[in-house]
Amino acid sequence: MPENIDRFVDAARERLGDHLQAVVHGDTEHEEYTLAYTQSAFCERYEIEDATDIVEEHTLEWIEVPYQESLHPTLGDLEVTIRIYEDGVNVHGWRWDGESSIVIVYLDDDVSDIPWIVEQIEGLDETDG
């Protein structure tokens, strides 16, 4: 696991505590994903065995990224998307470690730390050396 993901997970666990449900990172082009952190209840709730099981649902969103960027060409690359559901939040970071990289942070329904999560994701590419 990249050192920057280790540091990110450690900082997120310290800051978010039980609000942090899971962190996954990987490569969408090669469909290789790593579950960097998860609460056991998260795995049980989603009946997942490995990271690929939960990332597959985000494949359609990855396919949509170029289209979204084409709608707003003056804004540059899409870096982070946020999905807020009734009982949870998914924050996706795109291309932080190469063209097809992804990091997904699963939170409970507390939205107060979303700005912090976004800031940390945007800084991931600056922390590995």
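All values derive from a computational prediction rather than experimental measurement.

Peer 1: I'd like to hear about the pattern of salt bridges, residue by residue, with values.
Peer 2: Inspection of the entire model under this criterion finds 2 salt bridges. With a shortest N-O distance of 3.4 Å, E3 and R7 are connected by a salt bridge. Of this pair, E3 and R7 both sit in helix 1 (residues 3-16), separated by 4 residues, roughly a single helical turn. Salt-bridge contacts for R15 lead to D113; the nearest nitrogen and oxygen are separated by 3.0 Å.

Peer 1: Requested: an account of the packing of aromatic side chains, with residues and values cited.
Peer 2: Centre distance and the angle of the planes are the two values used to describe a pair of aromatic rings. For the structure on display, the rule yields 1 aromatic pair. Plain terms: the ring middles of F42 and Y106 are 5.0 Å apart, the flat faces sit at 50° to each other, and that makes the pair tilted. With F42 in helix 2 (residues 40-46) and Y106 in strand 5 (residues 101-107), this residue pair connects regions lying 64 residues apart in the sequence. The same class applies to F42 as to Y106, namely buried.

Peer 1: Could you give an account of the layout of surface pockets, naming the residues involved and the relevant values?
Peer 2: What the second largest pocket holds in volume is close to 190 Å³. As for the second largest pocket, its lining consists of 13 residues, and the residues nearest its centre are V65, Q68, E69, H72 and L78. Per-element accounting of the lining of the second largest pocket gives the leading share, 5 residues, to helix 4 (residues 59-71). Here the lining of the second largest pocket is built from residues that sort into 3 nonpolar, 4 polar and 6 charged.

Peer 1: Explain unusual backbone geometry residue by residue, including any values.
Peer 2: A positive phi angle, close to 50°, is found at E31, a residue other than glycine. Looking at the element boundaries, E31 is found in the loop between strand 1 (20-27) and strand 2 (32-38). A residue is classified by how much of its surface remains accessible, and E31, at 56% relative accessible area, is exposed.

Peer 1: Run through the nonpolar core, naming residues and quoting values.
Peer 2: Membership of the largest hydrophobic core comes to 22 residues, with the highest contact counts inside it found for V91, L107 and I117. Elements supplying a minimum of two residues to this core: helix 1, strand 1, strand 2, strand 4 (88-94), strand 5 and helix 5 (114-122). Among the nonpolar cores identified, the runner-up in size contains 12 residues, and A22, V24, I104 and Y106 belong to it.

Peer 1: Can you explain the sheet that holds strand 2? Please cite residues and give values.
Peer 2: Spatially, 2-1-5-4-3 is the arrangement adopted by the 5 strands of the open sheet, whose pairing is antiparallel. The open sheet has two edge strands with one neighbour each: strand 2 and strand 3 (80-85). The sheet shows a mean angle of 15° between the axes of neighbouring strands, direction not considered. Bridge count for strand 3 against strand 4 is 6 bridges, and the pairing is antiparallel. Among the inter-strand pairings, I82 is bridged to a residue of strand 4, identified as V91. Helix 1 contacts strand 1, strand 2 and strand 5 of the sheet and is inclined by roughly 165° relative to strand 1. Across the face of the sheet, helix 5 comes into contact with strand 3, strand 4 and strand 5 while running at roughly 150° to strand 3.

What counts, and at which threshold
Residues numbered from 1 in each chain as written. Predicted model: local features only at pLDDT ≥ 70, side-chain atom pairs only at ≥ 80, totals over all residues. Heavy atoms only, no water. Salt bridge = Lys/Arg side-chain N within 4 Å of Asp/Glu carboxyl O. Helix = DSSP H or I, 4+ residues; strand = E, 2+ residues; numbered from the N terminus. Phe/Tyr/Trp six-rings, centres within 6.5 Å; stacked < 30°, edge-to-face > 60°. Buried < 20%, exposed > 50% of the residue type's maximum accessible area, 1.4 Å probe, protein only. 1 Å grid on protein atoms, 1.4 Å probe; cavity = no way out; pocket = protein on both sides within 12 Å on 5 of 7 lines; lining within 4 Å. Points joined across faces, edges and corners; volume = space filled by probe spheres on them. Nonpolar A, V, L, I, M, F, W, Y, C, P; charged D, E, K, R; others polar. Core = buried A, V, L, I, M, F, W, Y, C linked by side-chain atoms within 4.5 Å. Pairing = 2+ DSSP bridges. Axes fitted to C-alpha atoms, helices over the stretch in contact; angles between N-to-C directions. Contact = heavy atoms within 4.5 Å.

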